[in-house]
Amino acid sequence: MKNPLDPRHKKRQKLIEDLFKIEFHKQRVLPETKEILIHKDVIDKRIEKSAPEFPISKINKADLAILRLAVYELLIEKKTPPKVIIDEAVELAKEYGGETSPSFINGVLGNIL
């Protein structure tokens, strides 16, 4: 498991929480979250293409937040190696998602790559 004190992990946790909460009501979010939301349509299309059996509306909101962050990092930001992004997304899925979330997240991101 990732070191919970790792600043990059803590930053991703905050972004996941913002992306999750924004699904339910408008609120103040981090500038990085706003940047991800600017690209939400493109990101969601890639997620749907990579998991056609799961429409965006049917994906668990925590999983969707994790996927949106990871896809943003993989395809738009491109600052971190893909393996690191996927490993971190799987770790976040273990923290925030359900029992099947880690394998679902891994599969979707694997399809995107």
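Here is what the cut-offs are and how they apply
- Residues numbered from 1 in each chain as written.
- Predicted model: local features only at pLDDT ≥ 70, side-chain atom pairs only at ≥ 80, totals over all residues.
- Heavy atoms only, no water.
- Salt bridge = Lys/Arg side-chain N within 4 Å of Asp/Glu carboxyl O.
- Core = buried A, V, L, I, M, F, W, Y, C linked by side-chain atoms within 4.5 Å.
- Buried < 20%, exposed > 50% of the residue type's maximum accessible area, 1.4 Å probe, protein only.
- Helix = DSSP H or I, 4+ residues; strand = E, 2+ residues; numbered from the N terminus.
- Contact = heavy atoms within 4.5 Å.
- Expected span 1.5 Å × (residues − 1).
- Axes fitted to C-alpha atoms, helices over the stretch in contact; angles between N-to-C directions.
- Parallel < 35°, antiparallel > 145°, perpendicular 65-115°, else oblique.
- Nonpolar A, V, L, I, M, F, W, Y, C, P; charged D, E, K, R; others polar.

### Regarding the pattern of salt bridges
Thinking step 1. All told, the structure shown has 9 salt bridges when counted by the stated rule.
Thinking step 2. When salt bridges that share partners are traced, they join E23, D44, K61 and R68 into one network.

### Concerning the nonpolar core
Thinking step 1. Core analysis: the largest hydrophobic core is formed by 29 residues, its most contacted members being I47, I66, L67, I105 and L109.
Thinking step 2. Of all the secondary structure elements, the ones that give two or more residues to this core are helix 1 (7-21), helix 3 (40-50), helix 4 (61-77), helix 5 (82-96) and helix 6 (101-112).
Thinking step 3. Residue contributions to this core peak at 9 residues, all from helix 4.
Thinking step 4. Excluding its chain neighbours within four sequence positions, the residues that come into contact with I105 are D63, I66, L67, A89, V90 and A93.

### Looking at helix 5
Thinking step 1. The first and last C-alpha atoms of helix 5 sit 21 Å apart over 15 residues, in line with the 21 Å expected at 1.5 Å per residue.
Thinking step 2. When helix 5 is considered as a whole, its buried residues turn out to be I85, I86, E88, A89, V90, E91, L92 and A93.
Thinking step 3. Buried residues along helix 5 sit in contact with helix 1, helix 4 and helix 6.

### A short note on the packing of helix 3 against helix 4
Thinking step 1. Across the interface, helix 3 lies against helix 4 with an axial gap of 9 Å and an inter-helix angle of 100°. As summarised for this structure, helix 3 and helix 4 are arranged roughly perpendicular, according to the angle between their axes. For the pair formed by helix 3 and helix 4, the contact residues are K40, I43, D44, R46 and I47 on the first element and L64, L67, R68, V71, Y72, L75 and I76 on the second.
Thinking step 2. Its residues placed into classes, the contact of helix 3 with helix 4 shows 8 nonpolar, no polar and 4 charged.

Spatial relationships are all this shows, so hold off on functional conclusions.
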